[in-house]
Amino acid sequence: MAINLNITEAPTREARLGAITGYAGTLKELVARTGCGGAVKNCDRTFSQASSCSSGCAQTLLAGIVDAAIVNHAPIGCAGDTIYHNIANQYGRFYRQWGNRNIQLVNTNMEEKDTVFGGNEKLREGILEAWRRFHPKAIFVTTSCASGIIGDDIRGVISEVEEEVPVPVIQVSCEGFRSKVWASGFDAAFHAVLTGIVKPPREKRPELVNMINFRGSARAYITRLFGELGLEPRFIIPFATVEELAYVSEAAVTATVCTTLGSYFGTALEEQYGVPYVKTIPPHGFAGIEAWLRGIGAAVGKEAEVERLIASEREATEADLAELRRRFRGKRAVLGMGPSYAQSYLGVLEELGIEVLHAASWHYDPRYDYGEQPPAIVRAAARENDVTFSVGDQQLYEITNTLSRLKPDLYFSRHPGSSVWAAKLGITAVPVIDEYTAFGHCGLVNFGWRIVDALTNRNFVTKLAQRVKLPYSDWWYEQDPYAFLEKEAV
Amino acid sequence: MSTHIERPRYQCALGGALVTINAIERAVAIVHSAPGCAASADGAATVGGGYWGTTLTDGRATPSTNLIEREVIFGGEERLAEQIAATIDVVDADLYAVITGCMTDIIGDDVRAVVSEFRKQGKPVIVAETGGFKGDSTVGADFIWESIISQYLSKTAVKDPLKVNLFGFVPAQDVFWRGNLLELKRLLARLGVTANTFLTPFDKIEDLKGAADASLNIVFSDVHGVKPAKLFEELHGTPFVVEPLPIGPTAAEAFLRRTVERLNLPQELLDTVLAEEKAHYYGFVSPFTDLFVDQDFQRFGVVVGNANYSYAVTRFIADDLGWIPYFVAVTDLLNEEQQAKVLKRFSDIDETLRPKVIFETDTDRITERLKEELAREEDPYGTPISPAYVIGSNLDRPLAAEIKAGFFGISYPITNRIVTDQYYVGFRGGLRLITDVVSALVANR
């Protein structure tokens, strides 16, 4: 079903895509059952640990737009995590040599009386204050559980301030209780950009690539790769300007480093403005980058140039990869990541010759908005060996139980707050926090050497584990890791 | 009327309760709220608190009911009961604290009834309603302390004359709470007093359970922890006193003198302790004087911090460092009565050194107010406070840059260094503060 840009709120991933956060089984089984439009029932848990919410995901993207501001219509706690959005912002600005500046966000400080009498007036003032203070090119109004449950009229307030605020003021519906899939917050942010910022193209720019990412550490690498194809990347949406976002419709193609992040925006741009969206597996490892570059090449008619580029990149790195595979012989790993990375890294670790004993995915989308199953999981499931696969919104008691049973050499994780528990078990943890880890041929080799380094000296975690007792009862370690996951009635 | 706030310098009430429980060994929180609350609050506190990190089942492993739309409609009580029972099985702890978020407080789950079922079975479960809209972290810390005091502490009629409890610390809001508590404990131990600190990695939960036998509660804040101390007195008969955070030799000496008087401790012992601690301080400060004086490191002080730190730091730079306090922004959300208490404290500072004090939590408005203040003074040479120095939080770096001032972060959030066992209280803490503040002035050499 096409993405509907005539509504204020992007429907949640559960509603749109049949996304789930509870499953335990095998990779092949999950892929088989969710192929051809099939679905699996989400299994709830009777014990759960902290997850994340849409609000954080929406704000981490939007707070990165350099000349926009956010009005977070919420109690103060919902803006507490802007502390780390600010860290990402300051790091990013430092590396771009842009000078130190805080993110532009005000919180409306909803209090008890506002939950009784409504918070519309505070929101109105918050928007006017954000305008007065920052003079941004756009203002995003992010919602919260509190504003959602009491039913504040966000649209009404926005239309009231239109005359006083001469820039787009856009609602971002990211109430935490609406979805267990925090990535729904990415969609909420992209939906706001699509409905409030993006304009029809003034002209088509055949060299321009919309490059959807988070922090953009591989800018130089990608600029070089694209340069050899006569293309030019525009990194979105953090560190982009409102003006740049307004004309993403002019690009020749949209690509993403993370299909969980980019599929909504990419699909919408394709449907709305005819900008093709590259639907290949993500660009990690040799297979990933090659499929992805070919996808870009096909979209812009540069197939031959892409083949030449792939050949030279491959040649420069093949010997290193062979050496890495030799070193990793017999090494075993568990991985826990968001769906795009969990699926993609099954391939990455196979290329490095590291055996994956179990993969955990923080949620699972049975299909993307363009109607197909995620290509990376289809590819991973096509391998000869099956692997146990679980879906959970970062339920670390399940992960800890699994790690203590399997005792892998390595734990690969993406998303903060997960790798620490493996480290405390004495397992070498290599976090994949930078979205461009293992990106491309060079990236895969760099990642491989990073793993070699981690395995070369394991003293920190070995000694830590001797001193630290994890919080779980002995009873828990004797249970099945999914003892609290309700059984699916088949 | 309360108003909007740019990038808050705290978490919500839920966050303050959560980090307090997280800092208590073998206590575990059960968050009854939407999926993101626990991780957001904990993440903000542990990152902004100098990268504090996880201890027991906290961080992303915090037990949490993760309620969604369904429970908004049908209520979350059943889900909570199920979660408490499971948490007791899965997590090996001695105290389980149910704390709630906005969502559950708005939909009106009867969490007390759910928890009382477990309490009837003798399970160590307590509950506090900490909906985020009720206030900031300090309010939530007060809520959870009141619950601990009324629902967890053992009753006792016997008081130990040489035992005190230390209160007024909100983990992460005081980024240095662990080091500060340990140093206060060390100083008091030198006087023969046992101090319960509760919130360091070395505290035993039995000491919390048995805390009612202390003969005095010392609250190191004019505003935070006072309400729980009153409840403590009411329920357990232990009186309390309020003390400012004693940073530096002048404040620390005054604190120890008052304590000796209150607890009837021997004067000779105090004299020995004071002499030795001051000898340590001046043993290092004396040779540091070469740099300090030669480089003309006297500064105008701009202090931005919570009620506890803003006064304590100002006092230290006035009394010991010999700087000129110019402008102070107290950043917590305080009511009028609380503001009056904090202002009264500032009136203890000698008039010639008393700074302009404002109550403002919003970073950009602090800058505006400082500029207004500066604009009031004519200065043909540029700025009336040159050279200046900002002691604040990481959010105040742009302010320091704007007025070309030195900068050092001591208030939440601190994200540009790691905080482990550092502390600023006492004689040695004052020495540490001088060392850190002046180090920042020579850091680019």
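Shown above is the structure to which this text applies.
Reading guide: rules and limits
Residues numbered from 1 in each chain as written. Chains lettered and ligands numbered in written order. Predicted model: local features only at pLDDT ≥ 70, side-chain atom pairs only at ≥ 80, totals over all residues. Heavy atoms only, no water. Helix = DSSP H or I, 4+ residues; strand = E, 2+ residues; numbered from the N terminus. Rg over C-alpha atoms; globule rule 2.2 N^0.38 Å. Contact = heavy atoms within 4.5 Å. Salt bridge = Lys/Arg side-chain N within 4 Å of Asp/Glu carboxyl O. Buried < 20%, exposed > 50% of the residue type's maximum accessible area, 1.4 Å probe, protein only. Pairing = 2+ DSSP bridges. Axes fitted to C-alpha atoms, helices over the stretch in contact; angles between N-to-C directions. 1 Å grid on protein atoms, 1.4 Å probe; cavity = no way out; pocket = protein on both sides within 12 Å on 5 of 7 lines; lining within 4 Å. Points joined across faces, edges and corners; volume = space filled by probe spheres on them. Right-handed = clockwise from strand over helix to strand, strands pointing away.

1. A closer look at the overall build of chain B
Each helix and strand counted, chain B has 17 helices and 13 strands in total. For a compact globule of 445 residues, the expected C-alpha radius of gyration is about 22 Å, and chain B comes in at 22 Å, within 12% of that figure. Principal-axis analysis of the C-alpha atoms gives chain B an extent of 70 × 50 × 40 Å. Contacts in chain B between residues at least 24 apart in sequence constitute 75% of all its contacts with a sequence separation of at least 6.

2. Here we look at the pattern of salt bridges
All chains considered together, the criterion is met by 62 salt bridges over all chains. For the salt bridge of Glu111(A) with Lys113(A), the shortest nitrogen-to-oxygen distance reads 3.2 Å. Lys113(A) gets classed as partly exposed once you look at its relative accessible area, which sits at 41%. Between Asp94(B) and Arg26(B) there is a salt bridge, with its nearest N and O atoms 2.7 Å apart. In this pair, Asp94(B) is assigned in the loop between helix H4 (77–90) and strand E3 (95–100) and Arg26(B) in the loop between helix H1 (13–23) and strand E2 (27–32), connecting sequence segments 68 residues apart. Take Asp94(B): its relative accessible area is 27%, and that puts it in the partly exposed class. Members of the salt-bridge network, linked through shared partners, are Glu129(A), Arg132(A), Arg133(A), Glu360(B), Asp362(B), Arg365(B) and Glu368(B).

3. Quick notes on the sheet that holds strand E9 (residues 332–337) of chain A
Residues and elements named next belong to chain A. Read across the sheet, 6 strands follow the order E1-E11-E10-E9-E12-E13 without closing on themselves; strand pairing throughout is mixed. Two strands lie at the open edges of the sheet, namely strand E1 (22–26) and strand E13 (428–431), each paired on one side alone. Taken pair by pair, the neighbouring strands of this sheet meet at an average axis angle of 15 degrees, ignoring direction. Summarising the sheet, E9 and strand E12 (residues 410–413) pair through 4 bridges and their orientation is parallel. The residue bridging Ala333 from the neighbouring strand is Leu410, located in E12. Lying on the sheet, helix H2 (residues 27–34) is in contact with E1 and strand E11 (388–392); it crosses E1 at an angle near 115 degrees. The sheet contacts of helix H15 (residues 339–352) involve E9, strand E10 (355–361), E11 and E12, and relative to E9 the element is tilted by about 160 degrees.

4. Here's the deal with the layout of surface pockets
For the second largest pocket, the calculated volume is near 530 Å³. Taken together, 27 residues form the lining of the second largest pocket, with Val139(B), Lys227(B), Leu333(B), Asn335(B) and Gln338(B) sitting closest to its centre. For the lining of the second largest pocket, the elements supplying multiple residues, two or more each, are helix H5 (112–117) of chain A together with helix H7 (137–151), helix H10 (226–236) and helix H14 (336–346) of chain B. The element best represented in the lining of the second largest pocket is H7(B), accounting for 4 residues.

5. Considerations on the side chain of Thr428(A)
Relative to the helices and strands, Thr428(A) is located in strand E13. In contact with Thr428(A), other than residues within four places in its own chain, are Asp409(A), Leu410(A), Tyr411(A), Ala454(A), Arg458(A) and Val461(A).

6. Notes on the pairing of strand E11 (residues 356–359) of chain B
All names here are of chain B. For strand E10 (residues 324–330) and E11, the ladder comprises 4 bridges, and the chain directions are parallel. Note on E11: the bridge partner recorded for Val328 is Val357. Once you follow E10 into H14 and on to E11, the crossover reads as right-handed.

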